[in-house]
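Here is how the chains run, residue by residue.
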Amino acid sequence: MADIKNYTINFGPQHPAAHGVLRLILELDGEVVQKADPHIGLLHRATEKLAETKPYNQTIGYMDRLDYVSMMCNEHAYVRAIENLADIAPPIRAQYIRTLFDEITRILNHLMWLGATALDIGAMSVFLYCFREREDLFDCYEAVSGARMHATYYRPGGVYRDLPDSMPQYKESRWHNKKEVKRKNSNREGSLLDFIWDFTERFPTHVDEYETLLTDNRIWKQRNVGIGVVSPERALQLGFTGPMLRGSGVEWDLRKKQPYAVYDKVEFDIPVGKTGDSYDRYLVRIEEMRESNKIVRQCIEWLRKNPGPVMVDNYKISPPPRRVMKDDMEALIHHFKLFTEGYCLPVGETYAAVEAPKGEFGIYLVSDGANKPYRLKCRAPGFAHLASLDEMTRGHMIADAVTILSSQDIVFGEVDR
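Residues numbered from 1 in each chain as written. Predicted model: local features only at pLDDT ≥ 70, side-chain atom pairs only at ≥ 80, totals over all residues. Heavy atoms only, no water.

Attention now moves to the overall build of the chain. Secondary structure summary: the chain contains 18 helices and eight strands in total. Against the globule reference of 22 Å for 417 residues, the chain gives a C-alpha radius of gyration of 23 Å, in line with a compact fold. Taken over 417 residues, the chain has a buried fraction of 53%. Relative to all contacts within the chain whose residues are 6 or more apart in sequence, the contacts with residues 24 or more apart total 68%. Total accessible area on the chain stands at roughly 18,700 Å², and carbon and sulfur atoms take up 53% of it. Counting 54 positive and 59 negative side-chain charges, the chain places the averaged centre of each group 4 Å from the other. (Helix = DSSP H or I, 4+ residues; strand = E, 2+ residues; numbered from the N terminus. Rg over C-alpha atoms; globule rule 2.2 N^0.38 Å. Buried < 20%, exposed > 50% of the residue type's maximum accessible area, 1.4 Å probe, protein only. Contact = heavy atoms within 4.5 Å. Areas by Shrake-Rupley, 256 points an atom, 1.4 Å probe, with all protein chains shown as cover. Lys, Arg positive; Asp, Glu negative; His and termini not counted. Charge placed at Lys NZ, Arg CZ, Asp CG, Glu CD.)

Structure (structure tokens):
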């Protein structure tokens, strides 16, 4: 009698749920996964090594490209590490702006996750709904930085510039008549803060729409409930952070436990799951979007009442205003040296972490006194989550492996780096 051997297949990198850059080698007994071996590195861009070859300021743009769905949160960890070593504190208005955009970024991330996960599992409409809301938030990114995704907006000592007083307007064209353009511009008449406030008024209703489509949907529950269960103890042992850890019932959030920016000045709750399955992780992220909406509203209310500087007044760290630079020789020298040579940080090492949408994103920075890092190491939440994929998928079907991978909210820019 012949031995029956397990069957080995490649899942990805061309599978849509594998993001185009993950190769999973699945060992199967029929349709049941016996072992999953993730092969990573197909998106390796040597970010950490590149950072060690150029001045500190020039690496901010690389941070956007790590977890390229949570752009400003990555920047936040990096500029906080620099601020720790340089011993500088950004103005309070800059801290509120950072908190505002961290939460906008969290909503952006969770919308992308929800749309892509729904698509992986077989629901098309949710994807289109999520991208409708993402479009408005990308307009906010573009308004402050000029870029829709890779903003490079946070700088050591504050943010690049204050929030604009006006929003770009739609114009009449052969495709859009005057009446349609007027309707599209109705929430763009005021400042950026007015535009975001209008978004926060509408957004909870949109989250209700997603929940109407999914939360009690029979197929959605069959595909998610009881799939990829991780106990709270095991989640901690595996190094889970963010919604993966909270979905398993552990109430851990750096915004509460180790507050940074102005998270100790705003009110919000930490959503926590009960069973640690894919469905709980979905519910946690849905609830996080509602909480982020609350934080955004609190930041807007404060920012409207409190004008002030958004950058430290230290020309060794931040560039002088252009009007000063064109009249004052000393300011011109500061400007020239800052953009050619950068600045040197004191000898030392630091670790700065933020509660990124996917979990704890940290930057370990070592300075030897030069104008560039001696060593830079990223602590990416997705790396620890992907390491657990083998354990989470064993005993599940191939289709469940897609659900589990999606529920981890993996982005390979930060995994491969």
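Here we come to the nonpolar core. For soluble globular proteins, nonpolar side chains are generally found buried alongside one another. Judged by nonpolar contacts, the single largest core of 81 residues is most densely connected at Leu100, Phe101, Leu114, Tyr153, Leu163 and Ile363. At 13 residues, the largest contribution of residues to this core is made by helix α4 (residues 92-121). Beyond its immediate stretch of four places on either side in the chain, Phe101 contacts Met72, Cys140, Tyr141, Val144, Tyr153, Tyr154, Leu163 and Leu192. (Core = buried A, V, L, I, M, F, W, Y, C linked by side-chain atoms within 4.5 Å.)

Okay, the packing of α4 against helix α7 (residues 192-214) next. Contact geometry for α4 and α7: axes closest at 13 Å, N-to-C directions at 30°. As far as their axial angle goes, α7 and α4 are roughly parallel. Pair α4 / α7 crosses with left-handed handedness. Note on element contacts: α7 touches α4 through Leu192, Leu193, Ile196, Phe203, Tyr210 and Leu214, opposite Leu100, Phe101, Ile104, Ile107, Leu111 and Leu114. For the contact of α4 with α7, the residue count by class is 12 nonpolar, no polar and no charged. (Axes fitted to C-alpha atoms, helices over the stretch in contact; angles between N-to-C directions. Parallel < 35°, antiparallel > 145°, perpendicular 65-115°, else oblique. Left-handed = near helix turned anticlockwise from the far one by under 90°. Nonpolar A, V, L, I, M, F, W, Y, C, P; charged D, E, K, R; others polar.)

Before going further, it helps to spend a moment on the sheet that holds strand β2 (residues 23-29). The antiparallel open sheet is built from three strands, whose spatial order is β1-β2-β3. Of all the strands in the sheet, just β1 (7-11) and β3 (32-39) have a single pairing partner and so form its edges. Between one strand axis and the next, the sheet turns by 25° as a mean value, whatever way the strands run. Bridge analysis of β2 against β3 gives seven bridges, and the strand direction is antiparallel. Within the sheet, the bridge partner assigned to Leu24 lies in β3 and is Pro38. (Pairing = 2+ DSSP bridges.)

It is worth spelling out the packing of helix α5 (residues 125-145) against α7 at this point. At a minimum axis distance of 10 Å, the contact between α5 and α7 shows a crossing angle of 165°. Overall, the two elements α5 and α7 adopt an arrangement that is roughly antiparallel. Relative to α7, the crossing made by α5 is left-handed. Here Val126, Tyr129, Cys130, Arg132, Glu133, Asp136, Leu137, Asp139, Cys140, Ala143 and Val144 of α5 lie close against α7, whose contacting residues are Leu192, Phe195, Ile196, Phe199, Arg202, Phe203, His206, Glu209, Tyr210, Leu213 and Leu214. Of the residues assigned to the contact of α5 with α7, the class counts are 15 nonpolar, one polar and six charged.

The next thing to look at is a nonpolar patch on the surface. Where nonpolar side chains cluster on the molecular surface, the patch consists of Leu119, Met124, Leu128, Tyr129 and Leu213 and spans about 440 Å² of accessible area. Structurally, the position occupied by Leu119 is in helix α4. (Patch = residues over 30% accessible without salt bridge, like charges linked within 9 Å, V, L, I, M, F, W, Y side chains within 5 Å. Salt bridge = Lys/Arg side-chain N within 4 Å of Asp/Glu carboxyl O.)

As a further point, take the sheet that holds strand β7 (residues 359-367). Taken in spatial order, the three strands line up as β6-β7-β8 in an open sheet, and their pairing is antiparallel. With one partner strand each, in any of the chains shown, β6 (348-356) and β8 (375-379) form the two edges of the open sheet. Neighbouring strand axes in the sheet, compared pairwise and without regard to direction, differ in orientation by 10° on average. Across nine bridges, β6 lies against β7 in antiparallel orientation. Opposite Val354, over in β7, you have Phe361 as the bridge partner. Across the sheet, helix α3 (residues 71-86) touches β6, β7 and β8, and the angle it forms with β6 is around 150°.

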